[in-house]
Structures are given as structure tokens and as C-alpha cells.
Amino acid sequence: MKKVRLVPLALVLAALSLGSSVHADTLADRAPADAIGFMSWAGTDALGKAYDGSKLKGMLDALNLPKLIMQQQAEEIKNTDDPQRQADRKAIAGWVEAAIKSPTALYFGPMDFANADEPQFKMAIYSEVGKDKAAAFAEQINGVIGRAKKEKYPALAATAVGDYLLLTLGSLPEMEKRLSGAAPADGL
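Presented here is a report on the structure given in the accompanying data block. (Residues numbered from 1 in each chain as written. Predicted model: local features only at pLDDT ≥ 70, side-chain atom pairs only at ≥ 80, totals over all residues. Heavy atoms only, no water.)

### What to know about the overall build of the protein chain
- Summing up its helical and strand segments, the protein chain has 7 helices and 5 strands in all.
- Helices and strands appear in the protein chain in the N-to-C order α-β-α-α-α-α-β-β-α-β-β-α.
- Relative to its full complement of 188 residues, the protein chain shows a buried share of 37%.
- A fraction of 66% describes how many contacts in the protein chain between residues 6 or more apart in sequence connect residues 24 or more apart.
- As displayed, the protein chain offers around 10,800 Å² of accessible surface, 57% of which is attributable to carbon and sulfur atoms. (Helix = DSSP H or I, 4+ residues; strand = E, 2+ residues; numbered from the N terminus. Buried < 20%, exposed > 50% of the residue type's maximum accessible area, 1.4 Å probe, protein only. Contact = heavy atoms within 4.5 Å. Areas by Shrake-Rupley, 256 points an atom, 1.4 Å probe, with all protein chains shown as cover.)

### Focus: the environment of Asp45
- Locating Asp45 in the fold gives a position in the loop between β1 (37-41) and α2 (49-52).
- Along the chain, Asp45 and Ser102 lie 57 residues apart, while their C-alpha atoms are 6.5 Å from each other.

### Digging into the nonpolar core
- If you look at the biggest cluster of nonpolar residues, it comprises 18 residues, and the most contacted ones within it are Trp95, Val129, Phe137, Ile141, Ala158, Leu165 and Leu167.
- Those elements giving two or more residues to this core turn out to be α5 (83-101), α6 (131-148) and β5 (164-169).
- Those residues in contact with Leu167 that lie beyond four places of it in its chain are Trp95, Met123, Ala124, Ile125, Ile141, Ala157 and Ala158.
- Counting residues in hydrophobic clusters, the runner-up holds 12 residues, among them Leu27, Ala124, Met175 and Leu179. (Core = buried A, V, L, I, M, F, W, Y, C linked by side-chain atoms within 4.5 Å.)

### A short note on the sheet that holds strand β3 (residues 123-128)
- Strand order across the open sheet formed by 5 strands is β1-β2-β3-β5-β4, with antiparallel pairing between neighbours. Each edge of the sheet is formed by a strand with only one pairing partner; in this case those strands are β1 and β4 (156-161). Averaged over all pairs of adjacent strands, the angle between strand axes in this sheet comes to 10 degrees, irrespective of strand direction.
- Here β3 runs beside β5; their pairing, made up of 6 bridges, is antiparallel. Bridge pairing in β5 places Ser127 opposite Leu165. (Pairing = 2+ DSSP bridges. Axes fitted to C-alpha atoms, helices over the stretch in contact; angles between N-to-C directions.)

### Topic: the pattern of salt bridges
- What the rule picks out here adds up to 3 salt bridges.
- The closest approach of N and O atoms between Asp34 and Lys122, which form a salt bridge, is 3.5 Å. Of this pair, Asp34 sits in the loop between α1 (2-19) and β1 while Lys122 sits in the loop between β2 (104-108) and β3, and the two are 88 residues apart along the sequence. (Salt bridge = Lys/Arg side-chain N within 4 Å of Asp/Glu carboxyl O.)

### Side note on helix α7 (residues 173-180)
- Restricting attention to buried positions, one finds in α7 the residues Met175, Arg178 and Leu179. Relative to the axis of α7, the buried residues are bounded by an arc of 95 degrees and lie together on one face.
- Elements in contact with the buried residues of α7: β3, β4 and β5.
- Where α7 ends, the next residue or the one after it, Gly181, has phi of about 90 degrees, a positive value. (Arc of directions from axis to C-beta.)

### Regarding a nonpolar patch on the surface
- The grouping of Met111, Phe113 and Phe121 at the surface amounts to a nonpolar patch, some 310 Å² of accessible area in total.
- Here Phe121 lies in the loop between β2 and β3. (Patch = residues over 30% accessible without salt bridge, like charges linked within 9 Å, V, L, I, M, F, W, Y side chains within 5 Å.)

### Concerning the packing of α5 against α6
- Between α5 and α6, the shortest axis-to-axis distance is 10 Å and the interhelical angle comes to 135 degrees. Classified by the angle between their axes, α5 and α6 sit oblique to one another. Read as a crossing pair, α5 and α6 show a hand that is left-handed. In contact with Gln84, Asp88, Ala91, Ile92, Gly94, Trp95 and Ala98 of α5, α6 contributes Phe137, Gln140, Ile141, Val144 and Arg147. (Parallel < 35°, antiparallel > 145°, perpendicular 65-115°, else oblique. Left-handed = near helix turned anticlockwise from the far one by under 90°.)

### Structural notes on the environment of Asp29
- Within the fold, Asp29 resides in the loop between α1 and β1.
- On the basis of relative accessible area, Asp29 is assigned to the partly exposed category, the value being 33%.
- Placed 149 residues apart in sequence, Asp29 and Arg178 show a C-alpha to C-alpha distance of 8.6 Å.

The structure is reproduced here in C-alpha cells:
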């Protein structure tokens, strides 16, 4: 069952990495310079004429990733009897759909090994979905996180920062400043 749940995430990450060659600098100025990994996607709504005739578009159209991801999410929602769990899955599916359409970036920072038994990850996903959507998604996702959180989970949070929805894993206080424009845009 866990493999099935990883399929949508794997497909989104594949789409992000494939799409990063189309607009390689999308949101890179917002990523901290210490990134050990970074992928970005301009969003299907922003891809221009060069993309329309590309082999990448042909391949993604043939794979039909967004439809496949949404169908998988709809099937999982349908197969869930718990109304709260259905609502949680709908919230996540809504955000994934918005992230596919909007400029989105995935940042991996250096790991903190201060506690060798439990190294801390630094990761952020940020999507420029618009102020209203960012606020609504942050509230919904934090509700999902609150219901799913276990004692040993690292710090996981969703925050609306202007037009951006920011999901962080680990301590990343500088990300809010970068997205709000309060910190210099001197990233990657």
C-alpha cells in the first residue's frame, strides 16, 4: 500500500525535474545559496510557445501526469471511509494540482548532524499559488499535519507568505524572509 501512495509524489518530482530544464531559474533567487539540491517548475500555466512544440511536452502529454495524479488521488479519496481523511486527501490533492499549474520549487539544504542519532533535514517546497490560495492551503495542510503528527516527526509546517505557500521540513526561518522580500534575493 505504501508504494501506491508514493506514486503521486514520485510523478510530481519527476515532472518537476523534467520541467526544470524549461525554466531553470524559476524561483532560484528565493532558494538559500547553501542548497545541495534544487528543482523548480514554471508551472503548466506559464509555459510558453517554446514548450508547446517541445519533445518534453509531447512526452508529458503522452504520460498525462497531472490527470494520472488526480485520478490516483480521487481513487484514494473514494476508497476512504473516514470523512476527515477524505477531506485531508482532498486538501493535499488540491495543493498538488495548484503546484503543477504554478511556479513551484523544491529546495534541499544541508543536514544538521548536531545530534548524530537523529540528523535533521532541511527541505522546503514553495509554490506561487496566489495570496488567497496560499492562506487556504496553509490552513488545510497544517490541519492535516496536526492530525498526522507523531512525536518523532521532524518539524513540518505550512505557511502562507504573500503569494507563496511554503512547506518546510526542518528549521528554515530564512525561507519566510526570502519569500516575503525581507531578505536579499541572492539565492542560487
